[in-house]
Protein chains: 2
Amino acid sequence: MNVTLRQLRAFTGVYRTRSITRAARALGITQSAASLLIQQLEAQLGVKLFDRSTRSVQPTLAADEAFHAAERMLSDAQGLSRRMRDLAQARAGRVAFLASAGAASALLPLVLAKFRASHPDIEIDMRDVAADDLVPRLSTTDAEFAIGSVEGEFADMTVETLTRGRLSAIGRRTADFAARRALTWDELAQLPTIAMRRESRIRMQIDQALSAQGKRLDPTYEVMLINTALAMTAQGLGLAILPATMLPADQFPTLIARPLVRPALTRPVSLLQRQGRTLSPAAQAFVATARAVLAQQPGPGTARAIAQK
Amino acid sequence: MNVTLRQLRAFTGVYRTRSITRAARALGITQSAASLLIQQLEAQLGVKLFDRSTRSVQPTLAADEAFHAAERMLSDAQGLSRRMRDLAQARAGRVAFLASAGAASALLPLVLAKFRASHPDIEIDMRDVAADDLVPRLSTTDAEFAIGSVEGEFADMTVETLTRGRLSAIGRRTADFAARRALTWDELAQLPTIAMRRESRIRMQIDQALSAQGKRLDPTYEVMLINTALAMTAQGLGLAILPATMLPADQFPTLIARPLVRPALTRPVSLLQRQGRTLSPAAQAFVATARAVLAQQPGPGTARAIAQK
DNA sequence: TGACATTCATAGGCAAAGCTCATGAATTAA
DNA sequence: TTAATTCATGAGCTTTGCCTATGAATGTCA
């Protein structure tokens, strides 16, 4: 057998109190049990630790030395337990995850704020990544999950759609525009529009869906960054064609989104996880927050209702 | 229950090998036992430590953190065991003891040299103390034992006489002096002599013993330090009246000792220990060496034989 | 000094922990 | 599909660990 922490606990107790009986009481065991633990430890280490008579328990020099090592181990043990407990309760730790630029811009700030409030001591490491890179990066880096507009199946990955953003026309809150419940793609043709460039995922989805219906989008402007499109819209240069989820309300209070219909298109905001890898408690807490926050976003169901009206 | 070192050993093994089976083999237990240990630890800490399928065992982030703490504790445990083993075998450690000036001067250097040779890594802390202080100091300081000319009984102390030094006349190795086997106290009266001062223990013993026989010592010189007496003798100023054990042969090669008889007096060289206090292994080794070395000193038995001749 | 109280050690007995063996389930390799 | 590997689980046995009771030693107080 080998030295046990039990023995060390008894040892430090006896060392401090200079009494087997008192140490036993403190440990919640009987005096005889404590006596045995000390004897075991002595046998184990091959050293006499206490000169004991029925009347006194005197630590030897060896005990003086052993005491420090023992205390350190015990405090390490306690520290380990506490630290793990904190991790388990998501009171400490770190969340590292990937976010595609789109998801990160409008939706995640909300989630981050809420999570920060409830878990102030968790370190957050959010890494912006191009949507195409989400899956490959997730398998190779230490990120625990990814959030972004991804659909489909991937090997060793689970994909869960948290919410869907309706492709919308985003414009200034004019009386005219605000009165509309929805716009059709056809109506857009007569209006100045700002869309993402053809290389982008969003644009490709749009072009594909429209061309299937013999239609096409002919934007007035084409930009690379979502923020650019929104800024231009705020300046009155036209309507931005984007998923409604990508409009940060607080950042652009003058803008509103109206769903585009015929056809109604949606882009998912999905959660990607590696299969067979449990999330850290901190990550689980974060994901829970994300689900809760995103569930409150207006879903595509409303969009369909409007489209049929 | 609580975390055990057993669990931590299994944990670090699995963490390193990323396999329960391999770790179990390394620990000399079965795979199922190792599996259980990991489960226990997880339950204990409230954290999942490995994502395990039948095919792979992946440490979680919590495991990464726990690993370092666990390793530290285990290496502490090993260090403690090793250190204690070294102490037990007197391969490491410290001997702190008291020595009266007399004992320290001639006898102990021999012991020290021999002990050093056989136990090179033991730290030696020898403290010179006046003979009268040996007992009180031994009860209050951390010295483990004392060596000196002490006789009698003391509370809580054991006294063991290691050897006895005959009170002798020490003089230069002249043909005349070397021819003598012994001298009587009466013969001294006609010779120049150097004795310790009346306040000293040695001198008090002499004066008492002689006056009991109606004799007295009338030294030419009286000094305080043994070394002074010997140095004066080496200069030919007279015969030093001292226990033979106090003549360091290597330091004064020209001097020899001849026992004084009628009456033959001896002074003990004793080992004092606190009762009920085991000596550290290092101290035990030192005491053993001291016994061995001092047993080889010419004892008082020879002196008696000569006196009767 | 003698009765008492306190403290440590030890023995017996029992409950629980810990291990092994056997088996099952999952997954990869051939 | 079969075989092989690996982890999990259950049954059963051994060992450990603890408690109770008791004994021995020692200090305390009358």
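Above this note sits the structure.
1. Observations regarding the relation of the copies chain A and chain B
1) Next: Placing chain A over chain B gives an RMSD of 0.2 Å and needs a rotation angle of 180°, together with 0.1 Å of translation along the axis. What the rotation and shift describe, once combined, is the action of a two-fold rotation axis. Relative to the rotation axis, the closest C-alpha in chain A is found at Met73(A), a distance of 2.7 Å.
2) Next: The fraction of interface residues of chain A whose copies in chain B are also interface residues reaches 97%, indicating that both copies meet through the same surface.

2. Considering the packing of aromatic side chains
1) Next: Scanning the model with the defined rule gives 14 aromatic pairs over all chains in all.
2) Next: Here the aromatic rings of Phe11(A) and Tyr15(A) are separated by 6.0 Å at their centres, their planes lie at 55°, and the arrangement is tilted. Highlighted residues: Phe11(A) and Tyr15(A), both in helix α1 (residues 5-17), separated by 4 residues, approximately one helical turn.
3) Next: Residue Tyr15(A) is classed as buried on the basis of its relative accessible area, which comes to 12%.
4) Next: Centroid distance Phe115(B) to Phe286(B): 5.0 Å. Interplanar angle 70°. Geometry classified as edge-to-face. Of the two residues, Phe115(B) is situated in helix α5 (residues 101-118) and Phe286(B) in helix α11 (residues 281-295); the sequence distance between them amounts to 171 residues. With respect to class, Phe115(B) is no different from Phe286(B); both count as buried.

3. Some points on the protein's contact with DNA strand D
1) Next: Residues in contact with DNA strand D amount to 21 residues; listed here are only the nearest, Arg6(A), Thr21(B), Ser35(B), Arg52(B) and Arg55(B).
2) Next: Within 4 Å of the protein, the contacting atoms of DNA strand D are 70% sugar and phosphate, with bases supplying the remainder.
3) Next: Interatomic distance of 3.4 Å between a side-chain N/O atom of Arg55(A) and a base oxygen of DNA strand D.
4) Next: Between a base nitrogen of DNA strand D and a side-chain N or O atom of Gln31(B), the distance comes to 3.0 Å.
5) Next: It is helix α3 (residues 31-45) of chain B that provides the largest number of residues to the surface near DNA strand D, a total of 4 residues.

4. A few points about the interface of chain A and chain B
You'll often see interface size given as the accessible area lost when the parts meet.
1) Next: Chain A puts 37 residues into the contact, and the matching count from chain B is 37 residues.
2) Next: Together, the buried faces of chain A and chain B total about 3200 Å²; carbon and sulfur atoms form 59% of this surface.
3) Next: By the criterion of area lost to chain B, the three top residues of chain A are Met73(A), Leu80(A) and Met84(A), representing 18% of everything that side buries.
4) Next: Linking chain A with chain B are 4 salt bridges.
5) Next: Here Arg72(B) makes a salt bridge to Asp76(A), at a shortest N to O gap of 2.8 Å.

5. Regarding the environment of Gly13(B)
Residue and element names in this part refer to chain B.
1) Next: Within the element layout of this structure, Gly13 appears in helix α1 (residues 5-17).
2) Next: Residue class for Gly13 comes out buried when judged on its relative accessible area of 15%.
3) Next: Sequence separation between Gly13 and Phe67 is 54 residues, and the spatial gap between their C-alpha atoms is 9.9 Å.
4) Next: Those residues in contact with Gly13 that lie beyond four places of it in its chain are Arg18 and Ala23.

Conventions adopted
Residues numbered from 1 in each chain as written. Chains lettered and ligands numbered in written order. Predicted model: local features only at pLDDT ≥ 70, side-chain atom pairs only at ≥ 80, totals over all residues. Heavy atoms only, no water. Least-squares fit on C-alpha atoms with pLDDT ≥ 70 in both. Contact = heavy atoms within 4.5 Å. Phe/Tyr/Trp six-rings, centres within 6.5 Å; stacked < 30°, edge-to-face > 60°. Helix = DSSP H or I, 4+ residues; strand = E, 2+ residues; numbered from the N terminus. Buried < 20%, exposed > 50% of the residue type's maximum accessible area, 1.4 Å probe, protein only. Near = heavy atom within 4 Å. Polar contact = N/O pair within 3.5 Å; in protein donor to acceptor, adjacent residues only side chain to side chain. Buried area = accessible area lost by both parts, 1.4 Å probe. Salt bridge = Lys/Arg side-chain N within 4 Å of Asp/Glu carboxyl O.

Any functional reading would require information beyond the geometric quantities listed.
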